[in-house]
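Fold and geometry: a report
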Amino acid sequence: MAQIRRSPGVESRATSNTPPSVQAQYSAGNDTARAALLRMRRIMLRTVTEPCGCRWACRCPKPLTVNQIDAWFKAAAYLLDQGVVPQLPVEVLRALWLRGGSDRELAGELYAATWAVVT
Ligand SMILES: [Zn+2]
C-alpha cells in the first residue's frame, strides 16, 4: 500500500479535543476508497466470467424466439387494422423480413409507413 504523505506537524498540532485536519480526513477517505477498490478487485477476480465476456449476469441481447416474432406480427397487424402505424424495433423488423412471406410484406409495409425511421 502506498504511503500517505502528510505535511509535517499535522499530527503534532492535533490533540484529543481538536477534530482531525481536513487533510487528515481527506487522506483517511482516500484510504477507505482504496480499500474499497481493492475489495472490489478481489471480488471481481473471484467471479466467473461468462463465455461472452459478461461478468455477474449475461446482458447480451438474445435472439427473438418464434413465439415473440409471431406476437410482434399479430400485434402489428392488429394495430394496422385499427389504423395505427406501429413503430417496431429494428431487430423485430429484421426478423420479420427474414421469415419471408406475409411477414416480409408486413415488415416492408411498416418500414415504408414509418418513413424508414426505425429504433
Ligand atoms: Zn453476455
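Residues numbered from 1 in each chain as written. Predicted model: local features only at pLDDT ≥ 70, side-chain atom pairs only at ≥ 80, totals over all residues. Heavy atoms only, no water.

**Some words on the packing of helix α3 (residues 66–81) against helix α4 (residues 90–99)**
For any two helices packed against each other, one specifies the crossing angle of their axes together with the interaxial distance. Interhelical geometry of α3 versus α4 gives an angle of 100° and a closest axis separation of 10 Å. In this view, α3 runs roughly perpendicular relative to α4, as classed from their interaxial angle. For the pair α3 and α4, contact is made by V66, I69, D70, W72 and F73 and by V92, A95, L96 and R99, respectively. Each residue belonging to the contact of α3 with α4 can be placed in one class, and the counts come to seven nonpolar, no polar and two charged. (Axes fitted to C-alpha atoms, helices over the stretch in contact; angles between N-to-C directions. Helix = DSSP H or I, 4+ residues; strand = E, 2+ residues; numbered from the N terminus. Parallel < 35°, antiparallel > 145°, perpendicular 65-115°, else oblique. Contact = heavy atoms within 4.5 Å. Nonpolar A, V, L, I, M, F, W, Y, C, P; charged D, E, K, R; others polar.)

**Overview of the coordination of the zinc ion**
Taken together, C52 (SG), C54 (SG), C58 (SG) and C60 (SG) make up the full set of protein donors to the zinc ion, lying 2.1 to 2.4 Å away. Around the zinc ion sit four donor atoms; with metal-centred angles ranging over 104 to 128°, the donor geometry is tetrahedral. Mapped onto the sequence, the residues coordinating the zinc ion show the spacing C-x1-C-x3-C-x1-C. By relative accessible area, which is 16% here, C54 ends up buried. Judged by its relative accessible area of 33%, C58 is partly exposed. (Donors = N, O, S within 2.8 Å, 3.2 Å for Na, K, Ca; no water. Tetrahedral: all angles 85-135°; square planar, octahedral: opposite > 155°, others 65-115°. Buried < 20%, exposed > 50% of the residue type's maximum accessible area, 1.4 Å probe, protein only.)

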